[in-house]
Structure formats: C-alpha cells, structure tokens
Amino acid sequence: MHALRVRLRRLARLSRAVLRNPSASAGLVVIVLMLLMAVFAPLLVEANTPDPYQMPRDWAAINAPPGTPGHPLGTTPEGGDVLYGIVWGSRLSVRLALTVASITLAVGITLGSLAGSIGGRWDEYIMRVVDVFMSIPELILALAIAGILGPSFRNIILALAVVGWTQYARVIRGEILKVKQKEYVDSARIIGETPLRVYLRNVLPNSLTPIIVIATLDMGKIVLVGATLSFIGLAETGLAEWGNVVSAGQQGVVAGRWWVATFGGAMVFLWALAFNMLGDGLRDVLDPRVEGR
Amino acid sequence: MSHTGPTTATLPVTEPGDRTAPLLSLRDLRVHFRTERGVVHAVDGVNLDIADGETVGLVGETGSGKTVTARSLIRLLPSPPAIYVGGQALFRPRTACGQCAGSGCAKCHGAGYVPEPCQVCAGAGCEGCQHTGRHTLDMLKVSGRVLRTIRGNNIAMIFQDPNKALNPNLSVRKQLAEVFSEHRAGELLRDAGLEHEAGALLRRSASGRSSFLERRTLDLGPLRSRHRRLEAVIDEHIAGALADTHVPNPKKIMHRFPHELSGGMKQRVMIALALACGPDLLIADEPTTALDVTIQARILDLIAELQERRRVAVLYISHDLSIVRQISDRVAVLYAGRLAEVGPTERLFEDPLHPYTRGLLAAIPAFGQRRGELVPIEGTVPELVDPPPCCRFHSRCPHAAPACRHVEPELHARPSIQSHEAACFLYEQADALGVDARDMPSMGESGPPAPRVGEPSADEEP
C-alpha cells in the first residue's frame, strides 16, 4: 500500500528529526528509562503485600542513610524504603499522567470542537466556562477540588482532570476556526459530504498538530502538580509516590537527612524536565514556521 | 435567455421538461453580510440565466461579488455572517437520456442528457416549476439533505488555488473515492456484481461509511474477495475520472498525496474530482489564477474539451477579460454587487454598452501598447455598506447625470439586440422612469466625471 508507505515514511522522517534534536532525544531517553522502570518495577524491587503501592515499613531502620544494607537509598523517618517509593512511584506517575492526559484530551477536544465547529451560542457557553476555569490558578483549583473530595490518589487524578481540559478546548477551538477556512474544507463540502464527515475527515485531523506538543508538555506538568498535591498530604499516607516521599523527608532536611527529599524530588524534576525537553523538540519539528531552519 | 419574466398558467408547453428553460436562473439574488460597520450588500439583485451546456463568464474586479454570487448558489457561504436576503437561485437538473444512456443520440441532441421533468406536474407546467415543466429547485431554500445530493453530483466547483483545495492528509484516491461513494454507491455495487449479495458491511463500504474496524473485518473475513472486487471497481472509476483529465498513469497517481504532485497536476485532480459524477453545472472560481501561464492554457483547453464532450454548463469567474473572451459564450459584468451588463461574448467585447464595461476594456493592456496609453477607470469601488438607491457606478462614470445619483438602473435589453442587456440610463427614456429629461445622461457629454460635491454618493459612511 502506497498510502501506508507514505505515512510510515513521514513518521520515520519525523522521528529522525526528533532524534537529531539533542535536547528532545535526551528527554526521550529519560522518558523511556522511566517507563522501563515503571513496567519492570516488580523485578527491581519486590512488591509489598498486600498493597504494592504502600511503602514497606522497616521499623528497625528508621532514617537509615543511603548505602545501608537492604536500603540502598536510605529510609524515611517512618522506616519506608526510599528506593521502593521511587521505583513503584514511577508506576503511579505514569498512571497519573496517562489517565489525566487522556481524560483532559477527550473532554478538551470534544468541547473545543463543539465550540469551534458549531459556533454561535454553544461557542459562547463553552468558552465562558473555559474562561472561568482559566481565571483560577490551576494548582489552587486542583487543591480545592482534591481537598473537598478527600485525600486519595484517585481524587488527585480527578481534580487534575477537571482542571486540565480547558487549554485543549481553547487550542482546538482556535485551530478549527483556522482550518475551517481552508479551501479543501470547502471542496469537501462541495462534494456533498455531511457536516459531520467534513469535520471528521477534513477539519479535525488537520487541527491536531499543536495538541501533540501541548499534551507532551502537559504530561510533565501533570506529574509535577500531582506530586505537589500529594506532598501537601492529599494522597493516602505512606503511598509509594514521589510527592509523598519528598513530604516524608521534608522535616529531616534541616537535620542533615538530605536523601529522602532529594531522591524523591529528583525524580519529579527529571520527569518534568524530560517531557519539557521532548515537547520543545516536537514543537521545533512540527511547527511549520520553524521548519527549514 | 428565452424564458424570462412572469408567465401565466396558460403558457403553452411543448414537451415535458422544456428544453429551452435555463439550467440555472438567478432571480434578484441578494446576499448581504452583517458586519460591525453595517450591512454589506455584497450581491444586490443579480439576475442571470445559464442554459444547458453554456459557458457564462462572470467578470468584475475584486470585491464586486463574483465569488459570493457563485458560492451562494450552492450555499457555500458561512452563515452568519452571510444572509440570503432574498431572491431565488432556481436550478433545474438534467437526467441521463433514456434513449442512449448518456452517450448522445438524436433525441437528446447529442448531449446525453435531457431535462428532468417537473415532479409535480410532469411537464405540464405548474407554479412550482414556474411553468417551465422542468424539475426546479430553489437552491436557497432546499433542505440540507437535498443540497448535499446536488453538490458534487449536479453542481460542482473548482477553486482558485489547487495547492490549497486538496486535503493534505488524504491520498488522491481517498479524496476521489469520496465523491463516488457519496453519489454513486449503488452503481459501484452493481458494477462489482454485488447488487444482490451485498450485506450491510459492503453497502457501508461502498458508500464510504466504514469504520476502521469494519474495514479490517472486510479484509479478513469471508467477505474479502467481494470487498476486493468492490475496491477494484472504485479504483477503475477513479482511474477513469483521472484519465478524462489527461492525468498520466492514473493508477499510480491516485495513490499519491497532494504534496507529491505539481500544481497543474493538482488542478487536473481537482477537475477530475469536480467532473467525476458528470455535473450539469461547473462553477470555476478563477481556476487558473494560481497557475503559471503555460499550464493555464492547458487547463483552459481541458475545461473547454470536457465541456464540449459532456455538455456541462460552466460559470467561469474571472477578472481576466482575455481568458473570459476566449472561453465564454456569454459574459456578465458585475460591478459592486449588481450586474452592469450581460451579453454574448463577441457583441459585448466589440460593442460594450455600459460605461463601466467600456472602461474595463480600455484598461486591458494590448500587445505593443506603450506606457501611458492604458486608460484606467478613475476613482475606486464604492463602499457597499447600506448603499443608497443609485447607479453604483455614478461616482466614476463620465456620463453621470442627476438621475444616476437617485435612481437605480435595471438591466434592460436594447431594442435591437434582445440578448444584450445593460443597466444604464444612457439607453432609457426619461418619461419611462418619471425623471426630468434634463437629468438623464447622454452620450455627448463625455468629459471628466461630473463634480461630486454635495451629492449623496455610495461611498459615504452610513
């Protein structure tokens, strides 16, 4: 199939361009390592029973420094293994990022499309809701929602999903308003296609490029904000989650027990940095305005 | 132009589906745009007929309403802001000749098509078909469903820039398959010999409605060979359409993406797309403007050839008078949303009636002409925001008289040549308008434009 070959060739060209970009490929390497860590978590550190997402407590070794036998990265003041928190925490981070991103993408694209393609009154309604959401700082709003729902990791996911869809809605709406003007959309309508088909075949596929970049950048931010919420204490206590690990080590930093907060924080930092670098690289590759540089 | 104006119920109709009734009649078409500065009268009372197989050139400068006129008759304008204020766009579709099934015979005068008789009165003539006996649709009023069956099937359009008019994300085949699926699904199934044995899945596939999963099912299941047959028939249709527009190696080209083709090739694909279903009317909106001159000539030849072969009526929109002169049977000159003049091409070019047409022709550069010999039309096009009743051209007209500034001229034929009409008081009698004879313009006074101080003019802000 020629069509398939062209698509594959295009994909190959795109990935080559991404890999040529040093910061994007560095980001990609970190992301792949993180994903591998999440997938092979049970092989790296044995799962805790009954709940593998609770850090195992070793009351015999509280505040153990890195290098302690059995606790290569040390322990928290409650005897939680830092390595365990980091390795299994990567699973929770992947889950958080993927769930929130897919919910926000679905909601954002749907509502943004409705606003952009139907327009008129619906455009007004949807975009005013978006304005209201965007006028409140994201973190504060997520904090309030998660606080009302009660402390649990699932509520953090929910809160971030409620907060995050607005930027997609806004960008998709703008893209659709732009693509709708293109002549090929007219030429699809003049063929006699139904409005829905014109939208699905001609408008939407040509509006998605900027979304890819934003979603990539967003994956980093979601984990950052999620870790912040769990740092504040909006996740279950003792959860093997990066923000939680940082929170457990918070008191100890002054007393010289640097390792808990540092390792937990480093993971959040690396994750956010990696996605930002990949996102920026993708923007350079996909944005036609910077193409040909 | 044989059938115009009001008719009575006693009008004699010779045969079902009057052959002489025009394919398309624009009757007092008015399309306005609501803007923040007021209502823009983009098209303000256009009357135009297009007969079967005729080429009508619609000329005018930028902003004169050419494109709005063309797009409004297939309702392709975004609304809002466009408002279809009034008038009718009566379209009378043709059907394939029963005798020769489209190949052309004596009965259909070689066209392969015959007028479709009115569904209400079967050709006897009723209110609905305006006593033409032909099936008549008002394109401004028909439902969305009817409109979609007309678009691409009976009326097609080609656009100015082929680089922008093809979806960059779909192969040529996918885009062409769309037309056939949309309008010829039954024919595709019949040609594949699947008329009676096609299940819901194949039917959906023929009409281009299959989802990704359905296509995989068709590829794997026991339906595979039938689906292959259907796909082969679609390929054949597409290759045929491309071959008609002289695309070399159509079987190969159809798998290409638009960015893999040259501009001229893309325009050929666009024309193939437009003519795929054998439309009655082709709207060509400056189809050669974006192409370079050598390709321009070839595309024009192609349009002329296909028109000759299929007897398609063409509404050719352009600001290039030399092209219009070359390909049109009749020319309509649009100025500021109103028709200034309509007439047979040669007559209009040799003996233009309206001062605007004369100005246009004087402004065409000719070979060997020296600098300074071109005569531009003084002034600019008036604003079209809430225009007062007047001749739209009066502020630039060398013959402008008081009557031109207060009364709106209508298109009228000159007594000598019925088919040549102009909207100008130069050719009218003062008493017919109820205006003082001294206020009428005359040919003699062809000095500079009359002073405009203190006069209400169209370019005044409302």
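As a reminder, the structure under discussion sits directly above these lines.
Residues numbered from 1 in each chain as written. Chains lettered and ligands numbered in written order. Predicted model: local features only at pLDDT ≥ 70, side-chain atom pairs only at ≥ 80, totals over all residues. Heavy atoms only, no water.

## Side note on the overall build of chain B
Part 1 of the reasoning: In terms of regular secondary structure, chain B is built from 14 helices and 14 strands.
Part 2 of the reasoning: In the structure as shown, chain B presents an accessible area of about 20,600 Å², 53% of it carried by carbon and sulfur atoms. (Helix = DSSP H or I, 4+ residues; strand = E, 2+ residues; numbered from the N terminus. Areas by Shrake-Rupley, 256 points an atom, 1.4 Å probe, with all protein chains shown as cover.)

## Considering the sheet that holds strand 2 (residues 38-50) of chain B
To summarise the sheet geometry, strands pair through backbone hydrogen bonds and adopt either a parallel or an antiparallel arrangement.
All names here are of chain B.
Part 1 of the reasoning: Pairing is antiparallel in the open sheet, where 4 strands are placed in the order 2-1-4-7. The open sheet terminates on both sides in strands that have one partner only, identified here as strand 2 and strand 7 (137-138).
Part 2 of the reasoning: One ladder, built from 10 bridges, connects strand 1 (residues 24-35) with strand 2; its direction is antiparallel. Looking at the pairing, Leu24 lines up with Ile50 of strand 2. (Pairing = 2+ DSSP bridges.)

## A word on the pairing of strand 11 (residues 330-335) of chain B
Residue and element names in this part refer to chain B.
Part 1 of the reasoning: Along strand 11, 6 of the 6 residues are buried, which leaves the element largely enclosed by surrounding structure.
Part 2 of the reasoning: Residues Arg330, Ala332 and Leu334 point to one face of strand 11 and Val331, Val333 and Tyr335 to the other, with burial holding for every one of them.
Part 3 of the reasoning: In this sheet, strand 11 lies alongside strand 3 (residues 55-59) in parallel orientation, the contact comprising 4 bridges. Note on strand 11: the bridge partner recorded for Leu58 is Ala332.
Part 4 of the reasoning: Relative to strand 12 (residues 338-344), strand 11 is paired through 6 bridges, and the arrangement is antiparallel. Looking at strand 12, one finds that Leu334 is bridged to Leu339.
Part 5 of the reasoning: Hairpin geometry of strand 11 and strand 12 is characterised by an intervening segment of 2 residues between the two adjacent antiparallel strands and by a positive phi of about 50 degrees at Ala336. (Buried < 20%, exposed > 50% of the residue type's maximum accessible area, 1.4 Å probe, protein only.)

## Remarks on helix 8 (residues 263-275) of chain B
Part 1 of the reasoning: If you check helix 8 of chain B, its first and last C-alpha atoms are 18 Å apart, about what 13 residues at 1.5 Å a residue would give, namely 18 Å.
Part 2 of the reasoning: Taking burial as the measure, the 13 residues of helix 8 of chain B include 12 buried ones, the bulk of the element.
Part 3 of the reasoning: Gly264, Met265, Lys266, Gln267, Arg268, Val269, Met270, Ile271, Ala272, Leu273, Ala274 and Leu275 of chain B are the residues of helix 8 of chain B that are buried.
Part 4 of the reasoning: Those residues of helix 8 of chain B hidden inside the fold are in contact with helix 8 (183-191) of chain A together with strand 8 (155-158), helix 3 (172-191), helix 6 (224-244), strand 9 (281-285) and helix 9 (293-310) of chain B. (Expected span 1.5 Å × (residues − 1). Contact = heavy atoms within 4.5 Å.)

## Section: the packing of aromatic side chains
All names here are of chain A.
Part 1 of the reasoning: Scanning the model with the defined rule gives 11 aromatic pairs over all chains in all.
Part 2 of the reasoning: Aromatic pair Trp271 and Phe275: ring centres 5.0 Å apart, planes at 45 degrees, arrangement tilted. Within this pair, Trp271 and its partner Phe275 are both found in helix 12 (residues 259-286), separated by 4 residues, close to a single helical turn. Side by side, Trp271 and Phe275 carry an identical accessibility label, which is buried.
Part 3 of the reasoning: Joined through ring pairs, the aromatic side chains of Tyr53, Tyr84 and Trp88 make up one cluster.
Part 4 of the reasoning: Across from the ring centre of Tyr53, 5.2 Å away, lies the NZ or CZ of Arg95, which sits over that ring. (Phe/Tyr/Trp six-rings, centres within 6.5 Å; stacked < 30°, edge-to-face > 60°. Lys NZ or Arg CZ within 6 Å of the ring centre and 35° of its normal.)

## Side note on the sheet that holds strand 8 of chain B
All names here are of chain B.
Part 1 of the reasoning: Here 8 strands make up an open sheet; going across it, the order is 8-9-10-3-11-12-14-13 and the pairing mixed. The open sheet terminates on both sides in strands that have one partner only, identified here as strand 8 and strand 13 (412-413).
Part 2 of the reasoning: Across the sheet, helix 8 is in contact with strand 8 and strand 9; its angle to strand 8 comes to roughly 170 degrees. (Axes fitted to C-alpha atoms, helices over the stretch in contact; angles between N-to-C directions.)

## Details of the interface of chain A and chain B
Part 1 of the reasoning: If you look at the interface, chain A gives 22 residues, while chain B gives 34 residues.
Part 2 of the reasoning: Carbon and sulfur atoms make up 49% of the surface buried where chain A meets chain B, a total of about 2,500 Å² over both sides.
Part 3 of the reasoning: Among the residues of chain A in contact with chain B, Glu183, Ile190 and Ile191 of chain A are the three that bury the most area, contributing 27% of the side total.
Part 4 of the reasoning: Taken together, the links from chain A to chain B amount to 4 salt bridges.
Part 5 of the reasoning: In this structure, Glu178 of chain B engages Arg197 of chain A in a salt bridge whose closest nitrogen and oxygen atoms are separated by 2.8 Å.
Part 6 of the reasoning: For the interface between chain A and chain B, the tally reads 14 residue pairs in polar contact (both at pLDDT 80 or more). (Buried area = accessible area lost by both parts, 1.4 Å probe. Salt bridge = Lys/Arg side-chain N within 4 Å of Asp/Glu carboxyl O. Polar contact = N/O pair within 3.5 Å; in protein donor to acceptor, adjacent residues only side chain to side chain.)

## A few points about empty space enclosed by the protein
Part 1 of the reasoning: By the definition in use, this model includes 7 cavities of 30 Å³ or more.
Part 2 of the reasoning: Empty space within the largest cavity amounts to approximately 100 Å³.
Part 3 of the reasoning: What lines the largest cavity is Tyr335, Arg338, Leu339, Ala340, His354, Cys390, Cys391, Arg392, Phe393, Glu408, Pro409 and Ala423 of chain B.
Part 4 of the reasoning: In terms of residue count, the dominant contributor to the lining of the largest cavity is strand 12 of chain B (3 residues).
Part 5 of the reasoning: Of the residues that constitute the lining of the largest cavity, the class distribution is 8 nonpolar, 1 polar and 3 charged.
Part 6 of the reasoning: Approximately 80 Å³ is the volume found for the second largest cavity.
Part 7 of the reasoning: Lining the second largest cavity are 13 residues, with Ala188, Ile191, Glu193 and Asn202 of chain A together with Gln175 of chain B sitting closest to its centre.
Part 8 of the reasoning: For the lining of the second largest cavity, the secondary structure elements donating two or more residues are helix 8 and helix 9 (195-203) of chain A together with helix 3 of chain B.
Part 9 of the reasoning: Per-element tally for the lining of the second largest cavity: the top contributor is helix 8 of chain A, with 4 residues.
Part 10 of the reasoning: Residues belonging to the lining of the second largest cavity are distributed by class as follows: 6 nonpolar, 4 polar and 3 charged. (1 Å grid on protein atoms, 1.4 Å probe; cavity = no way out; pocket = protein on both sides within 12 Å on 5 of 7 lines; lining within 4 Å. Points joined across faces, edges and corners; volume = space filled by probe spheres on them. Nonpolar A, V, L, I, M, F, W, Y, C, P; charged D, E, K, R; others polar.)

That is the geometry; function is a separate question.
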